[in-house]
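So you can see what is in the structure, the chains are spelled out below.
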Amino acid sequence: MHPTTVQALRRYRRRRDPSVADTDDMPLFIITRGSRWAQDPNGRQVHRVFAALRKAFGARRTGYAAGSMVPCIGLAEYSGCGSTNNGEGAMKLYYDPITVNCRKVAAGFNLMGVNFERSHVDYFAGGHKAPEFLLINPNAALPALVDGDFKLWESNAILQYVADKNEAFTYYPREPKVRADIHRWQLWESAHWFPSCYVYLVENLVKPMLKAEPDHAVIDKEAPNWHKLANILDQRLANQRWLCGDNVTLADIAVAAPMHLHSYQKLPLDTHRNLRRWMTEDIEELPCWKATDVTTVLGLKPA
Ligand SMILES: N[C@@H](CCC(=O)N[C@@H](CS)C(=O)NCC(=O)O)C(=O)O
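Residues numbered from 1 in each chain as written. Predicted model: local features only at pLDDT ≥ 70, side-chain atom pairs only at ≥ 80, totals over all residues.

The angle between the axes and the distance between the axes are what describe a pair of packed helices. Remark: helix α3 (residues 100-112) packs on helix α5 (residues 155-165), axes separated minimally by 9 Å, with the N-to-C direction vectors making an angle of 15°. The pairing of α3 with α5 is recorded here as roughly parallel in orientation. Relative to α5, α3 is oriented so that their crossing is right-handed. On the side of α3, the interface is formed by N101, K104, V105, G108, F109 and M112, while α5 contributes S155, I158, L159, V162 and A163. Taken together, the residues of the contact of α3 with α5 break down into seven nonpolar, three polar and one charged. (Axes fitted to C-alpha atoms, helices over the stretch in contact; angles between N-to-C directions. Helix = DSSP H or I, 4+ residues; strand = E, 2+ residues; numbered from the N terminus. Parallel < 35°, antiparallel > 145°, perpendicular 65-115°, else oblique. Left-handed = near helix turned anticlockwise from the far one by under 90°. Contact = placed C-beta atoms within 7 Å. Nonpolar A, V, L, I, M, F, W, Y, C, P; charged D, E, K, R; others polar.)

So, in structure tokens, the structure goes:
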């Protein structure tokens, strides 16, 4: 699906009912009893809508809600988020969904309702070091985006570009101060938060998966820095639900990604109540987060 299709569907949905917030879980179409759509639920108009949705989302994603005469087709149900390239000129994301920065981008794309083509690069097999991938990202790191002749790496830059391109201003507002705030958290995440959380990821998850012992001395050494950073987030989240105000933005997705397996990473969240609340009650309840969960892929048991 061409990315603009989702935007067009969302705009159309809002025209039909401006009271509906333009959020990720906004139903694209709600055909209610008494509306001209529901008067003839099998009529041409409904079929035309479903045909458009089938084209946009794939046949399995359209239909009436179970047991209801109210067909609700929402982006939240659209967890595939463009699992195939069904439109000309779709962006291609080179990624391995199990990695932190790839999950970040996948969740962000899902949040924004952006369609993309996927190219799986096997991280554990070293696919990101293959010569053909180095032509896309000379850093030998995932993810990378190719949009026509434009190649882009750095997960946060990818999110910003795709948000602008798709006018996803709900999640990436244009007001200069809000933008600067989002950029600040994304830069902070990349420079400080990701490297610190990564220590826990490697020692407590990756090493045991590879049948190696965690080095507790390495974690003990990182712990003061991690708590210092976690405290900054905790204070920020003391009086607000999301990092940059009342709405979820790219900043939340970026900062959550390095913690995405926090119970397996054994991140010591207990002393950071606001941070824990944000992660477990807000981030992890987002449909985009659930749709990009990798615990099953990794074969992880409940921690
Ligand atoms: N700052 C970069 C970091 C990219 C990065 O380090 N990606 C990891 C996966 S999360 C990777 O591919 N590392 C290469 C390696 O481990 O050899 C971004 O945000 O995209």
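For helix α6 (residues 176-209), the principal kink sits at E189 and spans about 50°. Taken as a whole, α6 has its buried residues at I182, W185, Q186, E189, W193, F194, C197, Y200, L201, E203 and N204. Those residues of α6 that are buried are in contact with α3, α5, α7 (216-236), α8 (250-256) and α9 (262-265). Positive backbone phi, approximately 65°, marks K211, located one or two places after α6. (Bend = angle between axes of the 7 residues up to and from the residue. Buried ≥ 20, exposed ≤ 12 C-beta atoms within 10 Å, placed from the backbone.)

This part is about the site of the ligand. Taken together, T99, V100, N101, H128, A140, A141, L142, E154, S155, N156 and S190 are the residues near the ligand. Among the residues forming the shell around the ligand, the class breakdown is four nonpolar, six polar and one charged. (Near = placed C-beta within 6 Å.)

The next point concerns the packing of α6 against α7. Contact geometry for α6 and α7: axes closest at 10 Å, N-to-C directions at 145°. Our pair here, α6 against α7, has a crossing hand that is left-handed. When α6 is examined against α7, the residues H192, W193, S196, V199, Y200 and E203 are found in contact with a partner set consisting of V218, I219, E222, N225, W226 and L229.

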